[in-house]
Amino acid sequence: MNAYSSIYTRAGGVDFDIPFKVLTIGQETLSVDLPPAPVNTGTSRLVATLSSAGFPQPFAVWEFEISPSRTAGRLMVFPKHYGQRFLLLDHWNSVPVGHVHQMALPPAGTRALNLTLYRYGTTGVSSARYWLQWAGDSERNRRLSAWGSQTVPPVDWFYVELTTHCNLACPFCPSKDLKRPREFMSIENAETLFSKISAYLRLRDATWGYTETRRMVFLHVMGEPLLHPKFVECVTLAVKSGLAPALFTNATLLTEENIAKIFAADLAHVTVSLNVVDQSGFSSLGAKGHIDAQHRRVAQFLSERARRGVHRLHVDIQYIVSDGRSISGNGLVRSRQQVWDCYRKWMLLTQSIDDEKSHPVDPQPVIPLERLANPLATEGSDSSLRLPLAVGIDLVMKSGCSFGNAVIPPGMRLVTTRRGKCPFDNPQRQMAVFVDGSVSFCNLDYENSVKLGSLLDQSVEEIWGSPRMQKIRSAMAAGHVTERLCQRCLGHLVPSLTP
């Protein structure tokens, strides 16, 4: 039971004895009377619920606090806005905007809206009920469609896959078993995709005011981007579109030529995914040569960054942390001592190549004291640890990713679930665009099992606000997962019963 269970019960049909007034929803603002204040009460609490026939629980709940006053006040209904401002309190001594406890779109079959008001005081509760109906079906459909577009959460993260080719076969990555074609994104498609993403972000960020900020786009889902024969041209298109491209590379291709390409492309961020700490782990990736050569390539890249004075190019040096239960593999970070060994190695290297003549104005970063005590401690849903090495260079210890339980350690099996919510809110904030322009809401969907549409043929808004995406979000908000991808990802691993 929650604080509003009694309200839900009433909205579900108990209070049909409350008289109601029928009002027509159009373009204009409506005004409804508040229930009378309970006798001999001071500040009262107004709770407004929006529901419809056939749906027992309200799909929207607002709460207002009404200060004592001789004037009763009114509640204003703004049909052009479906959100916190759908209801505004017109009262001289009370905050006009209420707190929204829940908000969902009215179901597609909604014929009218039941607006029920409960006013709570110290001596009791009073009620009022309004039946909000549309003049006709066309007006109802148009208004519900407009409200639907207003409730779509914005995309925060874009992942654009330049290629599905990869030169490694990491045991903890499903790329080696990829069923999608191995291909490169064409220049024409890259230009179309970056232009559409940029147009969406410019519209979304139109109210940022004086701050002009390029929004980051990650050039990765599967594959090694540096394998793309026109890597610089692709990145340049992203930059010209007003985006800040970020590269994820496994560092085996950090040759002198490719290092020059990185700086020529004007990237905003580079993640160097070293992942493993020893030679056995390096060999298990399918990499050739010795791990020391891998480290020299990274050192050469950092040295060139310092020589050019490109301190605004942020660099992450990334390793994978795993206790063997989520993912397994040789050479992954498993102890606090290994964290500090990696930190000491790269801290000394970055200090040795630091160019004093090209220091930026930013102060040298420091490590929070709590990280010194336990560098494997995690906070929130993102279990990565970031340790600053120098200005614009961090050591990242990333928790092992199983690609939604697609890569399962030996001796374990998966139990899927239909209940839960994405810990990263991916259906609310992330769009993955694959090499062929097709789209998913999760960058862990390496085979694109979701298949929301194609950004080559549709806009970001069309895909992101589609009925299917709305259904996925609504179900997950209620604790249900409808996509097989999510059912696997939110499942849990148990010991296998077979040898």
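Placed above this text is the structure.
Summary of the structure given here. Source: prediction; values computed, not measured. (Residues numbered from 1 in each chain as written. Predicted model: local features only at pLDDT ≥ 70, side-chain atom pairs only at ≥ 80, totals over all residues. Heavy atoms only, no water.)

### Side note on the overall build of the protein
Here is step 1: Looking only at helices and strands, one finds 13 helices and 21 strands in the protein.
Here is step 2: A buried classification covers 49% of the 499 residues belonging to the protein.
Here is step 3: Expressed as a percentage of contacts within the protein between residues at least 6 apart in sequence, the contacts between residues at least 24 apart total 71%.
Here is step 4: Looking at the protein as shown, the accessible area adds up to about 24000 Å², and 53% of this sits on carbon and sulfur atoms. (Helix = DSSP H or I, 4+ residues; strand = E, 2+ residues; numbered from the N terminus. Buried < 20%, exposed > 50% of the residue type's maximum accessible area, 1.4 Å probe, protein only. Contact = heavy atoms within 4.5 Å. Areas by Shrake-Rupley, 256 points an atom, 1.4 Å probe, with all protein chains shown as cover.)

### A closer look at the packing of helix 7 (residues 291-308) against helix 8 (residues 336-352)
Here is step 1: Packing of helix 7 against helix 8 brings their axes to within 10 Å, and their N-to-C directions diverge by 35 degrees. Handedness of the helix 7/helix 8 crossing: right-handed. Seen from helix 7, the contacting residues are His295, Val298, Ala299 and Leu302; seen from helix 8, they are Lys345, Trp346, Leu349 and Thr350.
Here is step 2: Across the contact of helix 7 with helix 8, the residue classes tally to five nonpolar, two polar and one charged. (Axes fitted to C-alpha atoms, helices over the stretch in contact; angles between N-to-C directions. Left-handed = near helix turned anticlockwise from the far one by under 90°. Nonpolar A, V, L, I, M, F, W, Y, C, P; charged D, E, K, R; others polar.)

### Notes on the environment of Leu254
Here is step 1: With respect to the helices and strands, the residue Leu254 is situated in the loop between strand 12 (243-249) and helix 5 (256-264).
Here is step 2: The class for Leu254 is buried, based on a relative accessible area of 1%.
Here is step 3: When the C-alpha atoms of Leu254 and Phe301 are compared, they prove to be 7.2 Å apart, with 47 residues separating the residues in sequence.
Here is step 4: If near-sequence neighbours (up to four positions away) are discounted, Leu254 is found in contact with Leu226, Ile259, Ile262, Arg297, Val298, Gln300 and Phe301.

### Describing the sheet that holds strand 5 (residues 74-77)
Here is step 1: Pairing in this open sheet of three strands is antiparallel, and the strands run 2-5-6 from one edge to the other. Each edge of the open sheet is held by one strand with a lone partner, namely strand 2 (30-33) and strand 6 (87-90). This sheet shows a mean twist of 30 degrees between the axes of neighbouring strands, independent of strand direction.
Here is step 2: Pairing between strand 5 and strand 6: four bridges, direction antiparallel. Its bridge partner lying in strand 6, Val77 is registered against Leu87. (Pairing = 2+ DSSP bridges.)

### Brief notes about the nonpolar core
Here is step 1: Grouped together as the largest cluster of nonpolar side chains are 95 residues, with contacts concentrated most on Phe194, Leu267, Phe301, Leu302, Ile317, Trp346 and Leu395.
Here is step 2: Formed by 28 residues, the second largest nonpolar core is a distinct cluster that contains Tyr82, Leu89, Leu113 and Leu132. (Core = buried A, V, L, I, M, F, W, Y, C linked by side-chain atoms within 4.5 Å.)

### Some remarks on the packing of helix 5 against helix 7
Here is step 1: Running from amino to carboxyl end, helix 5 crosses helix 7 at an angle of 40 degrees, the nearest separation of the two axes being 10 Å. It follows that helix 5 is oblique to helix 7 by the angle criterion. For helix 5 against helix 7, the interelement crossing comes out right-handed. In this structure, helix 5 contributes Glu256, Ile259, Ala260, Ile262 and Phe263 to the contact, and helix 7 contributes Arg297, Gln300, Phe301, Glu304, Arg305 and Arg308.
Here is step 2: Residues belonging to the contact of helix 5 with helix 7 are distributed by class as follows: five nonpolar, one polar and five charged. (Parallel < 35°, antiparallel > 145°, perpendicular 65-115°, else oblique.)

### Looking at the sheet that holds strand 11 (residues 215-218)
Here is step 1: The sheet built from ten strands is open, its strands ordered 15-16-14-13-12-11-10-18-19-20 with mixed pairing. The strands lining the two open edges of the sheet, one partner per strand, are strand 15 (385-390) and strand 20 (453-454).
Here is step 2: By the bridge criterion, four bridges tie strand 12 to strand 13 (residues 269-275) in an arrangement that is parallel. Across the sheet, Leu247 pairs through a bridge with Val270, a residue of strand 13.
Here is step 3: Together, strand 10 (157-160), strand 11, strand 12 and strand 18 (430-433) form the strand contacts of helix 3 (residues 187-204), whose direction differs from that of strand 10 by roughly 175 degrees.

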